[in-house]
Every structure is written in C-alpha cells, then in structure tokens.
Amino acid sequence: MSRAIDKVKNCSNMQEVRAGVNALDDILVPLLVERSGYMTQAAKVKNNEDLVRDEARIQTIVDRVRPMAQAQGGNPDLMERLYRAMMECYIDYEHQELARLRAQGLKPQGEQP
Ligand SMILES: C=C(O[C@@H]1C=C(C(=O)O)C=C[C@H]1O)C(=O)O
C-alpha cells in the first residue's frame, strides 16, 4: 500500500518545499470548501443553536482520523490537533450559517406552522 508520507518528495531548497505545499493546497482548499457546505446543511437540518456543537460527534471524528493518519505514516497527535482546531472553525461557521438562514426566513424549531 502506498502511504501518503511516502509520496513526499525529497527537497533541496525552499522553492521545492513550497511547490509541494502549494500543490497540496490546490487539492485541500476545494475539499475544505466542500466540507464547509455540509456545515450549512447541518445548520439547516439542526435548526437549533444548542445542537450546533456536538461533543460526541467531535470525539467520534477524532477517534476515526487518528488511526487513518497513523496508517498513512502521519502523526496521530498532530492530526487530532488539526482536526480539533478545524472543527472549532467549522462550528463557528455553522453558527454563522444558522444566523444567516434565520435572517433569510428559516423559522426556529417549534415555530413551524
Ligand atoms: C457538522 C456538525 O456540526 C459540528 C461540526 C463538526 C465538524 O466540523 O465535523 C462536528 C461536530 C459538530 O459540533 C455535526 O454535528 O456533525
């Protein structure tokens, strides 16, 4: 099996390092945008500020990505820190999206006709 860590090219200067990072950012940014779209979907489906932060789901994701990182030759502690920080940003965004949807007319739970 080809692990992600084995795909890293040996670099002799910072230009090569940064070319490698830029190429990966070209892949990562569209995926992160797509992931953010699911925060909008979550805001719509939950339709309740109190449900936006879900600690059990956060832990489930951490427990899933740590072994995935390990299997790819990565550092599971780094992956957990990245994911926890990223999910905090997405939770803020989900709150923002719920407020935007409300401003657009989404009625709070319990107020549906
Ligand atoms: C999208 C959700 O909302 C929040 C955002 C999460 C994420 O970024 O994956 C995880 C847990 C939630 O606190 C969810 O509950 O699944």
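Residues numbered from 1 in each chain as written. Predicted model: local features only at pLDDT ≥ 70, side-chain atom pairs only at ≥ 80, totals over all residues. Heavy atoms only, no water.

Here we look at the site of the ligand
Among the 14 residues in the neighbourhood of the ligand, the closest are listed as Arg35, Lys46, Val52, Asp54 and Glu94. Within the side chain of Glu94, a nitrogen or oxygen atom sits 2.7 Å from an oxygen atom of the ligand. Only α1 (14–46), α3 (55–71) and α4 (76–103) provide two or more residues apiece to the shell around the ligand. Broken down by class, the residue content of the shell around the ligand amounts to 8 nonpolar, no polar and 6 charged. (Near = heavy atom within 4 Å. Polar contact = N/O pair within 3.5 Å; in protein donor to acceptor, adjacent residues only side chain to side chain. Helix = DSSP H or I, 4+ residues; strand = E, 2+ residues; numbered from the N terminus. Nonpolar A, V, L, I, M, F, W, Y, C, P; charged D, E, K, R; others polar.)

A short note on the packing of α3 against α4
Axis separation between α3 and α4 bottoms out at 9 Å; the angle between their running directions is 145°. Note on packing geometry: the crossing formed by α3 with α4 is right-handed. Where α3 abuts α4, its residues Ile58, Gln59, Ile61, Val62, Val65, Arg66, Ala69 and Gln70 lie against Pro76, Asp77, Met79, Glu80, Tyr83, Arg84, Met87 and Ile91. Considering only residue class, the contact of α3 with α4 consists of 10 nonpolar, 2 polar and 4 charged. (Axes fitted to C-alpha atoms, helices over the stretch in contact; angles between N-to-C directions. Left-handed = near helix turned anticlockwise from the far one by under 90°. Contact = heavy atoms within 4.5 Å.)

Points about the UniProt feature "domain: Chorismate mutase" (unreviewed entry) in the protein chain
Feature annotation in UniProt places "domain: Chorismate mutase" (unreviewed entry) on residues 8–98, given in this structure's numbering. For residues 8–98, helix accounts for 85% and strand for 0%, while the C-alpha atoms at its two ends are 39 Å apart. (UniProt positions renumbered as here; feature names shortened; annotations may be inferred.)

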